[in-house]
Amino acid sequence: MSEERLTALEARLDRLDSIESIRDLQQRYVRGLAARDADAMIALMTPDIVTDITWHGEIHGIDAVGEDMRLIFRNVRQLDGYVLSSPDIQVDGDTATGVWTLHRHVADYPLPHGGFQRVWGVWQECRYRCSYRREAGVWKIARIHFRSVAPDPDHDDKIKAEAARTGGFKTD
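Residues numbered from 1 in each chain as written. Predicted model: local features only at pLDDT ≥ 70, side-chain atom pairs only at ≥ 80, totals over all residues. Heavy atoms only, no water.

Peer 1: I would appreciate a short explanation of the packing of aromatic side chains in the present structure.
Peer 2: For any pair of aromatic rings, the description consists of the separation of the ring centres together with the inter-plane angle of the planes. Inspection of the entire model under this criterion finds 2 aromatic pairs. Measuring from centroid to centroid gives 5.8 Å for Tyr 29 and Tyr 128, while their planes differ by 90 degrees, and the two rings are edge-to-face. Of this pair, Tyr 29 sits in helix H1 (residues 3–35) while Tyr 128 is found in strand E7 (residues 123–135), placing the two residues 99 residues apart along the sequence. When its relative accessible area of 3% is taken as the criterion, Tyr 29 is described as buried. Ring geometry for Tyr 128 versus Phe 146: centroids 4.7 Å apart, planes at 50 degrees, classification tilted. Here Tyr 128, found in strand E7, pairs with Phe 146, found in strand E8 (residues 138–150); they are 18 residues apart in sequence, far enough to count as distant. Across the pair, Phe 146 and Tyr 128 agree in class, each one buried. (Phe/Tyr/Trp six-rings, centres within 6.5 Å; stacked < 30°, edge-to-face > 60°. Helix = DSSP H or I, 4+ residues; strand = E, 2+ residues; numbered from the N terminus. Buried < 20%, exposed > 50% of the residue type's maximum accessible area, 1.4 Å probe, protein only.)

Written as structure tokens, this is what we have:
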């Protein structure tokens, strides 16, 4: 086998291995979300992570992201089901991007005056747009952008206006 062909095969193998590692990384993130395990989720992130998740605003750094997640998990107790699908992963050396579809199946719906009602059939389709970085041979999440797309899509201008009016999601 020629040196050129061997180099091309190594590059292709690295790309395919990277795509599979990123799939596994994103699936572990969603499993952490379903388990409401902030520590498991932040272990998958770079120290300089940036998140932009509906109603949370843009958050910079692993400590601030971890604090935000712990606050949410203290306040949001419903256990939803999640299906992650349709990955579109593009690898460029030690960086990558990924677009994912997340279907959230709501099991416990919070009632306006407190308490929960168990419901069946309530769903939401969301989109993750993520950036990844390989550090010391390990893929990590470097940026997360998350929005609902169906049945009611998020509109950033409305989200920002409501967050400014109410102080955002944070209730503690």
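Peer 1: Would you mind showing me how to read the environment of Glu 67 here?
Peer 2: Relative to the helices and strands, Glu 67 is located in helix H3 (residues 62–75). Between the C-alpha atom of Glu 67 and that of Ala 38, which follows or precedes it by 29 residues, the distance is 8.6 Å.

Peer 1: Just to check I follow, could you spell out unusual backbone geometry for this structure?
Peer 2: In terms of backbone geometry, most residues other than glycine have negative phi values and most peptide bonds are trans. Unlike most non-glycine residues, Ser 86 shows phi in positive territory, near 55 degrees. You can see Ser 86 is positioned in strand E3 (residues 81–92). One non-glycine residue, Ala 136, lies in the positive phi region at around 50 degrees. Within the secondary structure, Ala 136 sits in the loop between E7 and E8.

Peer 1: I keep staring at a nonpolar patch on the surface and nothing clicks. Help me out?
Peer 2: Together, Met 1, Leu 6 and Leu 9 line one region of the surface with nonpolar side chains, adding up to about 300 Å² of accessible area. Tracing the sequence through the fold places Leu 9 in helix H1. (Patch = residues over 30% accessible without salt bridge, like charges linked within 9 Å, V, L, I, M, F, W, Y side chains within 5 Å. Areas by Shrake-Rupley, 256 points an atom, 1.4 Å probe, with all protein chains shown as cover. Salt bridge = Lys/Arg side-chain N within 4 Å of Asp/Glu carboxyl O.)

Peer 1: I would appreciate a short explanation of H3 in the present structure.
Peer 2: Side chains that are three or four residues apart share a direction in an α-helix, a result of its 3.6 residues per turn. Given a rise of 1.5 Å per residue, 14 residues ought to cover 20 Å, and the 20 Å separating the end C-alpha atoms of H3 matches this to within 8%. Within H3, the full set of buried residues consists of Val 65, Gly 66, Asp 68, Met 69, Leu 71, Ile 72 and Phe 73. Contact partners of the buried residues in H3: H1, helix H2 (38–42), strand E1 (45–53) and strand E2 (57–60). (Expected span 1.5 Å × (residues − 1). Contact = heavy atoms within 4.5 Å.)

Peer 1: What is the right way to look at the nonpolar core in this model?
Peer 2: Judged by nonpolar contacts, the single largest core of 33 residues is most densely connected at Tyr 29, Met 45, Met 69, Tyr 128, Tyr 132, Ile 141 and Ile 144. Looking at this core, the elements that each hand over two or more residues are H1, H2, E1, H3, E3, strand E4 (95–105), E7 and E8. Take this core: its biggest share by element is 6 residues, from H1. (Core = buried A, V, L, I, M, F, W, Y, C linked by side-chain atoms within 4.5 Å.)

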